[in-house]
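Structural characterization, general
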Amino acid sequence: MDIKQLYQLYQQHPCITTDSRDCPQGSIFLALKGGSFDGNKFASQALEKGCAYAIVDEKEVAVDSRYILVENCLQTYKDLAREHRRQFNIPVIAITGTNGKTTTKELVRAVLAEKYNVLATEGNFNNDVGVPKTLFRLNKDHEIAIIEMGASHPGDIKTLAETAEPTCGLITNVGRAHLQGFGSFEGVIRTKCELYDFLRTRKDGLIFLDADNEYLVDQVQDDDPLWVTPYSTDPEKQYSCISGEVVSCDPLLKFRWRRPLMELEEQGASQKWHKVQTQLIGAYNLDNLLAAIAVGINFGVDRKQIDHALENYCPTNNRSQLVQTSRNRLIVDAYNANPSSMEAALDNFRLVESPRKMAILGAMRELGATSEEEHQRLANLIGQTGIDLVWLVGEEFASTDCTYRKFKDVDEVKAAIAADHPEGYTILIKGSNSTRLYQLPELL
């Protein structure tokens, strides 16, 4: 059965499940494999629970006509999702980057939702299983789709782009993350820019470009077939870019932005600043906000609608959140951490006014051979920030040469909070999700 025949079957049974515990009546079970599971072993169970068919990739499992044998279930899942995506002639915006891709995705969603019915990636479904899952949610009511794409190895973005077939692309930035998988910073750049490579295969491929990021700008040539919508925080580039600058950040970010002077001159309009008070922590979010504005302007969202969307967007999931407790003011950014985002968070924390500052910083994971060097570099950087009290969490900090208090894991931190009762601080909480620092706010 080829992919078009399989898609016809899907149209008769338009629900695919990859979880044998969730088998809606008449759905199709697809047997994915992972490091500790094999969906083929649960195919018969899925059929018993109500699935009409089971797609499997082990011959001995396919014992009757209800089983559909394919060479590789994951590849079939991606191929089938691509076939579904091709049924919809709508803009598809792919967003990737080392830092800020989820926040940028949510900001873009908020801006576009002012005018369109938008499908967007939920949570962190940004890998080769999550992207197809998102694509299968597409229906005739959607007018635009936003697909977040994550990567930890070369070729990951290429594969996801070939699955989602985006019409537009946005790389938030490139930084030192997942170096264990990429091998080097140059490997990060090459992998993220696989999105540009895919869009070059389209006649109308469009990218939203951070014109201040030299690594990304270097990937776009003067004779490049890509259409480019640039944005920048550099006042020298205001003639050709959507531009913006920080007004204040203590700690919530207030900024102002304006459209390119070149564009407004063509329209005979004046260049007017738009001030926006956000609910986001961190000056580093200015790039993410400008990216969302660039997307909104491109798709004809009114400037007042853009301002309204950005003012009302409230971050969740431990990303750039301000939390006021009875004892402390918390800046919670505990979902992810790498050298680039840690440096940005500390730079921003330096600007926050507070009589007493504390930082609880979790280890940065998946840095491979550079881990020890990067954790020492972070420890050195902390010394330049004037933070009153610093707690470092994770075994990666054990060998660092510093005088800060070190903890093996979050449980040791919990015990220290119970014993010391930190009070009257503005506290930055940041670390990789696996350090579980998201458990701390309720204790502080």
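Now for a quick tour of the structure.

What counts, and where the lines are drawn
Per chain, residue numbering runs from 1 following the sequence as it is written. With the structure being a predicted model, the display of local features is reserved for residues of pLDDT at least 70 and the display and counting of side-chain atom pairs for 80 or more, all residues being used for whole-chain, interface and lining totals. Heavy atoms from the whole structure form the basis of all side-chain values; hydrogens and water molecules are not counted. Runs of H or I in DSSP of at least four residues are treated as helices and runs of E of at least two as strands, each being numbered from the N terminus. Type-normalised accessible area, obtained with a 1.4 Å probe on protein chains alone, sets the label of each residue: buried when under 20%, exposed when over 50%, and partly exposed for intermediate values. The definition of a polar contact used here is a pair of N or O atoms within 3.5 Å, where within protein one atom must be able to donate a hydrogen and the other to accept one, and adjacent residues in sequence count solely through side-chain atom pairs. Contacts are residue-level and defined by heavy atoms, with any inter-residue pair within 4.5 Å sufficient. Only C-alpha atoms enter the line fits that serve as axes; for helices the fit covers just the stretch in contact. Angles between N-to-C directions range over 0 to 180 degrees. Should the near helix be turned anticlockwise from the far one by less than a right angle, the crossing is termed left-handed; should it be turned clockwise, right-handed. Here the nonpolar group is Ala, Val, Leu, Ile, Met, Phe, Trp, Tyr, Cys and Pro; Asp, Glu, Lys and Arg are the charged ones; every other residue, Gly included, is treated as polar. To define a nonpolar core, start from buried Ala, Val, Leu, Ile, Met, Phe, Trp, Tyr and Cys residues and group those joined through side-chain atoms within 4.5 Å. A pair of strands is labelled paired if DSSP reports no fewer than 2 bridges between them. Throughout, right-handed denotes a crossover for which the path from the first strand over the helix to the second runs clockwise when the strands point away from the viewer. Both cavities and pockets are sets of points on a 1 Å grid over the protein atoms alone; in a cavity a 1.4 Å probe fits but cannot get out, in a pocket the set is open with protein on both sides within 12 Å along at least five of seven lines, and lining residues sit with an atom within 4 Å of a point. Grid points are joined across faces, edges and corners, and a volume is the space filled by probe spheres set on the points. Helix span, expected: 1.5 Å multiplied by one less than the number of residues in the helix. Two aromatic rings, drawn from Phe, Tyr or Trp (for Trp, its six-membered ring), form a pair once their centres lie within 6.5 Å of each other, and the interplanar angle then sorts them: stacked below 30 degrees, edge-to-face above 60, tilted otherwise. Counting rule for disulfides: a pair of cysteine sulfur atoms within 2.5 Å. Directions are taken from the helix axis to each C-beta atom, and the arc is the one they span. By definition, a salt bridge exists where a carboxyl oxygen of Asp or Glu is found within 4 Å of a side-chain nitrogen of Lys or Arg.

Let us look at the side chain of T172. Summarising the element assignment, T172 is placed in the loop between β8 (168-171) and α7 (179-182). Accessibility expressed as a relative area gives 4% for T172, which makes it buried. Among the polar contacts made by the side chain of T172, one reaches the main-chain carbonyl oxygen of N99 at a distance of 2.7 Å. Excluding residues that lie within four positions of it along the chain, T172 makes contacts with I95, T96, G97, T98, N99, G100, K101, T104, D210 and L216.

Among the structural elements, L32 can be located in the loop between β2 (28-30) and α2 (43-49). Measuring from C-alpha to C-alpha, the distance between L32 and A418 comes to 44 Å, with 386 residues separating the pair along the chain. Contacts of L32, omitting those with residues within four sequence positions, involve T18, F37, D38, G39, C73, L74, Y77 and V129.

This part covers the packing of helix α4 (residues 101-112) against helix α12 (residues 286-298). It is the contact of α4 with α12, at a shortest axis distance of 9 Å, that shows an interaxial angle of 35°. Classified by chirality, the crossing of α12 by α4 is right-handed. Here T103, T104, L107, V108, V111 and L112 of α4 come into contact with α12, specifically with N288, L289, A291, A292, V295 and G296. Among the residues forming the contact of α4 with α12, the class breakdown is eight nonpolar, four polar and no charged.

Moving on, we come to the nonpolar core. With 58 residues, the main nonpolar core has I16, I55 and Y196 as its most contacted residues. For I55, the residues in contact, after removing those within four places along its chain, are L6, I28, F29, L30, A31, I68, V70, C73 and T76. Counting 37 residues, the second largest nonpolar core, distinct from the first, contains L206, V276, A294 and A309.

The subject of this paragraph is the pairing of strand β16 (residues 357-362). Counted residue by residue, β16 has six buried out of six residues, so it is predominantly covered. Neither face of β16 is open: one carries K357, A359 and L361, the other M358, I360 and G362, and all of them are buried. One ladder, built from five bridges, connects β16 with strand β19 (residues 426-430); its direction is parallel. If you follow I360 over to β19, its bridge partner there is I429. Relative to strand β17 (residues 389-393), β16 is paired through five bridges, and the arrangement is parallel. Each bridged residue has a counterpart across the sheet, and for A359 the counterpart in β17 is V390. In this fold, the crossover linking β16 to β17 by way of helix α15 (residues 371-382) has right-handed handedness.

Considering all chains together, one arrives at two cavities of 30 Å³ or more under this definition. Approximately 40 Å³ is the volume found for the largest cavity. For the largest cavity, the full set of lining residues is P339, M342, E343, M364, E374, R377, L378 and L381. Looking at the lining of the largest cavity, the elements with two or more residues in it are α14 (339-351) and α15.

To continue, consider α4. When the terminal C-alpha atoms of α4 are compared, their 16 Å separation across 12 residues agrees well with the 16 Å that a helix rising 1.5 Å per residue should span. Counting buried residues along α4, 11 of its 12 residues qualify, which places the element largely inside the surrounding structure. Taken together, the buried positions of α4 are K101, T102, T103, T104, K105, E106, L107, V108, R109, V111 and L112.

Taken as a whole and assessed by the stated rule, the structure comprises four aromatic pairs. The interplanar angle of 25° and the centroid separation of 5.7 Å between the aromatic rings of Y77 and F136 together place this pair among those described as stacked. Taken as a pair, Y77 in helix α3 (residues 73-85) and F136 in the loop between α5 (130-135) and β7 (144-148) lie far apart in primary sequence, 59 residues in all. Ring centres of W391 and F407 lie 5.0 Å apart, and the angle between their planes is 50°; this geometry places the pair in the tilted category.

Overall, the coordinates contain zero disulfides when judged by the stated rule. We note that C249 lacks a disulfide partner, and the nearest cysteine sulfur, in C314, lies 16 Å from it. Residue C249 is classed as buried on the basis of its relative accessible area, which comes to 9%.

Turning next to helix α13 (residues 303-312). Within α13 the residues assigned to the buried category are I306, D307, A309 and L310. When α13 is viewed along its axis, its buried side chains cluster within an angular range of 165° and face the same direction. Residues of α13 that are buried sit in contact with α4, β12 (252-258), β13 (274-281) and α12. Measuring from the side-chain oxygen of the N-cap residue of α13 to the backbone nitrogen of K304 gives 2.9 Å; that N-cap residue is D302.

Further remarks concern the pattern of salt bridges. Opposite charge on two side chains allows them to pair when their charged atoms are near. Enumeration over the complete set of coordinates arrives at 26 salt bridges. For the salt bridge of R82 with D79, the shortest nitrogen-to-oxygen distance reads 3.0 Å. One end of the pair is R82 and the other is D79, both in helix α3 and three residues apart, which spans about a single turn. A residue is classified by how much of its surface remains accessible, and R82, at 19% relative accessible area, is buried.

In this structure, S232 sits in strand β10 (residues 227-232). A distance of 2.6 Å separates the side chain of S232 from the side chain of D212, its partner in a polar contact. Excluding residues within four positions of it along the chain, S232 makes contact with A211, D212, K237, C241, I242, S243, G244 and L290.

Strand pairing in a sheet is mediated by backbone hydrogen bonds. Such pairs are either parallel or antiparallel. Spatially, four strands are ordered β1-β2-β3-β4 in an open sheet, and the strand pairing comes out parallel. Across the chains shown, the open sheet's two edge strands, defined by having one partner strand only, are β1 (16-17) and β4 (67-69). Taken together, the three bridges between β2 and strand β3 (residues 53-56) define a ladder with parallel strand orientation. Note on β3: the bridge partner recorded for I28 is Y53. In the packing of α3 onto the sheet, contacts are made with β1, β2 and β3, and the angle to β3 comes to roughly 120°.

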